[in-house]
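Here's the letter readout for the chains.
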Amino acid sequence: MSSTIPRRRPTIDDVAREAGVSRGTVSRVLNGGHWVSPDSLTAVNAAIKKTGYRINPHARNLATSRANSVAFLLTESHDRLFEDPNFSILMRGAAQALEEHDIPLVLLMAGSEAEQKRVTDFIIAGHVDGVLLVSSHSRQHDFLADLVRSKVPAIACGIPLGFERKIGFVAADDRDGACEVVDFLRDQGRTRIATIAGPQDTSGGTGRLEGYRERLGELYDETIVEIGDYSRASGASGMRALLKRDPSIDAVFAANDLMAAGALDVLQASGRRVPEEIALVGFDDSPVATTTTPELTTMRQPFDRISHEMVRLLLQVIEGQPAAAMTLPTELVRRGSA
């Protein structure tokens, strides 16, 4: 019978000895490499690889008072998480960006008041180091105020209405994108352009409606404006209302692709040819845009860049830097619906 003596776990002292530097230098490398010379940084990284040293995340978290995790906080109902593909795209992009820093992403749902209370308690208890806030609504003012008061670092996707100077954000240029959609439709000779706008307690909903209204100027007519909630069902009901109210409309701008898909369902059921009789444009360039027939012309949001920039800005806030805001341009993607 033989026994095997377990190998001792390498320590910071082992790494320091191998690299020929102090224990403090190794510690600084492990915590970001600040105030470490390039030669020492190279030596320490080589020693870490040679010794097989691995950071003990539990011990590091205790020492730094950090949870070593970030929350993806979605302030929507559970069914919206699965219906709207934009959320999964943003979540995947954020997880990939955080993976480069070896930081896990935790999904938190806060669509109801009860969920918001539980989430607030969870965040205040220190279970996450920061929050990626997705799909905030101005009607959730008290919840967002609690989040601000907690002083937990946060970056929003889209402008957090009412908290623009208190929470950093990364947003697509909703207003400019809507202006470009109207210009595109008018250049095609469309004269009666309706819209199915997004919810008016979100920055995307208000920004896209503002751009649409601004570009139409004196031709703006509130009788051909419907307000949806970004769901496919609301796009369908909005389209039915528009056709009933004004059968002469020859173009529709829907504030997201799901509503555009719902509008397309109604147009096809009513016998209206798209784009021959009515042109249709969405917003987002989400996966749903290529599942319809015809495929949707839409305004693309750079979701991958948005999620990566959100992570970058959040990590800066976690490190003590002031919160920043960023607005990214959109891009028209032409397909068969317009």
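Residues numbered from 1 in each chain as written. Predicted model: local features only at pLDDT ≥ 70, side-chain atom pairs only at ≥ 80, totals over all residues. Heavy atoms only, no water.

### Considerations on the overall build of the chain
Along the chain, the regular secondary structure elements total 13 helices and 12 strands. With the C-alpha coordinates of the chain rotated into their principal frame, the extents come out at 85 × 45 × 40 Å. Relative to its 338 residues, the chain shows a buried fraction of 52%. Within the chain, residue pairs in contact and separated by at least 24 positions form 72% of the contacts whose partners lie at least 6 positions apart. Looking at the chain as shown, the accessible area adds up to about 16700 Å², and 51% of this sits on carbon and sulfur atoms. (Helix = DSSP H or I, 4+ residues; strand = E, 2+ residues; numbered from the N terminus. Buried < 20%, exposed > 50% of the residue type's maximum accessible area, 1.4 Å probe, protein only. Contact = heavy atoms within 4.5 Å. Areas by Shrake-Rupley, 256 points an atom, 1.4 Å probe, with all protein chains shown as cover.)

### Focus: the side chain of Thr 297
Looking at the secondary structure, you find Thr 297 in strand 10 (residues 297–300). A distance of 2.8 Å separates a polar side-chain atom of Thr 297 from the backbone nitrogen of Arg 335. Separated by 3.2 Å, the side chain of Thr 297 and the backbone oxygen of Ala 338 make a polar contact. When residues no more than four places from it in sequence are discounted, the contact partners of Thr 297 are Phe 184, Leu 280, Val 281, Gly 282, Leu 332, Val 333, Arg 334, Arg 335, Gly 336, Ser 337 and Ala 338. (Polar contact = N/O pair within 3.5 Å; in protein donor to acceptor, adjacent residues only side chain to side chain.)

### Some details on the sheet that holds strand 1 (residues 70–74)
The parallel open sheet is built from 6 strands, whose spatial order is 2-1-3-4-5-11. Pairing within the sheet leaves two strands with one partner each, and these edge strands are strand 2 (105–109) and strand 11 (325–328). Across the sheet, the axes of successive neighbouring strands diverge by a mean angle of 20°, strand direction being ignored. Here 5 bridges tie strand 1 to strand 3 (residues 130–134), and the two strands are oriented parallel to one another. Counterpart to Leu 74 in the pairing with strand 3 is Val 134. In the packing of helix 7 (residues 113–124) onto the sheet, the strands contacted are strand 1, strand 2 and strand 3, and the crossing angle to strand 2 comes to about 145°. (Pairing = 2+ DSSP bridges. Axes fitted to C-alpha atoms, helices over the stretch in contact; angles between N-to-C directions.)

### A few points about the packing of aromatic side chains
Counted under the stated rule, the structure contains 2 aromatic pairs. Ring centres of Tyr 212 and Tyr 220 lie 6.0 Å apart, and the angle between their planes is 75°; on these two criteria the pair is classed as edge-to-face. Like Tyr 212, the residue Tyr 220 is buried in the burial classification. Between Phe 253 and Phe 283, the aromatic rings sit 6.3 Å apart at their centres with planes inclined by 45°, giving tilted as the arrangement. Placement of the pair is Phe 253 in strand 8 (residues 251–254) and Phe 283 in strand 9 (residues 279–284), with a sequence separation of 30 residues. By relative accessible area, Phe 253 is classed as buried at 1%. Among the residues examined, Phe 283 registers a relative accessible area of 0% and is labelled buried. (Phe/Tyr/Trp six-rings, centres within 6.5 Å; stacked < 30°, edge-to-face > 60°.)

### Quick look at the environment of Glu 180
By secondary structure assignment, the location of Glu 180 is in helix 9 (residues 174–187). Here Glu 180 falls in the partly exposed class, since its relative accessible area comes to 31%. The spacing of Glu 180 and Leu 98 is 82 residues in sequence and 33 Å in space, taken between C-alpha atoms. When residues no more than four places from it in sequence are discounted, the contact partners of Glu 180 are Met 299 and Leu 332.

### A word on the domain arrangement of the chain
Per the domain assignment, the segments making up the chain are domain 1 (12–55), domain 2 (70–171 + 303–328) and domain 3 (174–300). The interface of domain 2 with domain 3 comprises 14 residues on the first partner and 13 residues on the second. Buried area between domain 2 and domain 3, summed over both chains or domains, comes out near 1000 Å², and the portion from carbon and sulfur atoms is 55%. Its largest share of buried area at the contact with domain 3, domain 2 owes to Arg 80, Glu 83 and Leu 161, together 36% of the area lost on that side. Put simply, domain 2 and domain 3 have 1 salt bridge between them. Residues Arg 139 and Asp 201 are paired through a salt bridge, measuring 2.4 Å at the closest nitrogen-oxygen approach. Joining domain 2 to domain 3, the criterion identifies 6 residue pairs in polar contact (both at pLDDT 80 or more). At the level of secondary structure, the elements contributing two or more residues to the side of domain 2 that touches domain 3 comprise helix 5 (78–83) and helix 6 (85–99). In the side of domain 2 that touches domain 3, the residues fall into 5 nonpolar, 5 polar and 4 charged. (Domains from an automatic or database assignment. Buried area = accessible area lost by both parts, 1.4 Å probe. Salt bridge = Lys/Arg side-chain N within 4 Å of Asp/Glu carboxyl O. Nonpolar A, V, L, I, M, F, W, Y, C, P; charged D, E, K, R; others polar.)

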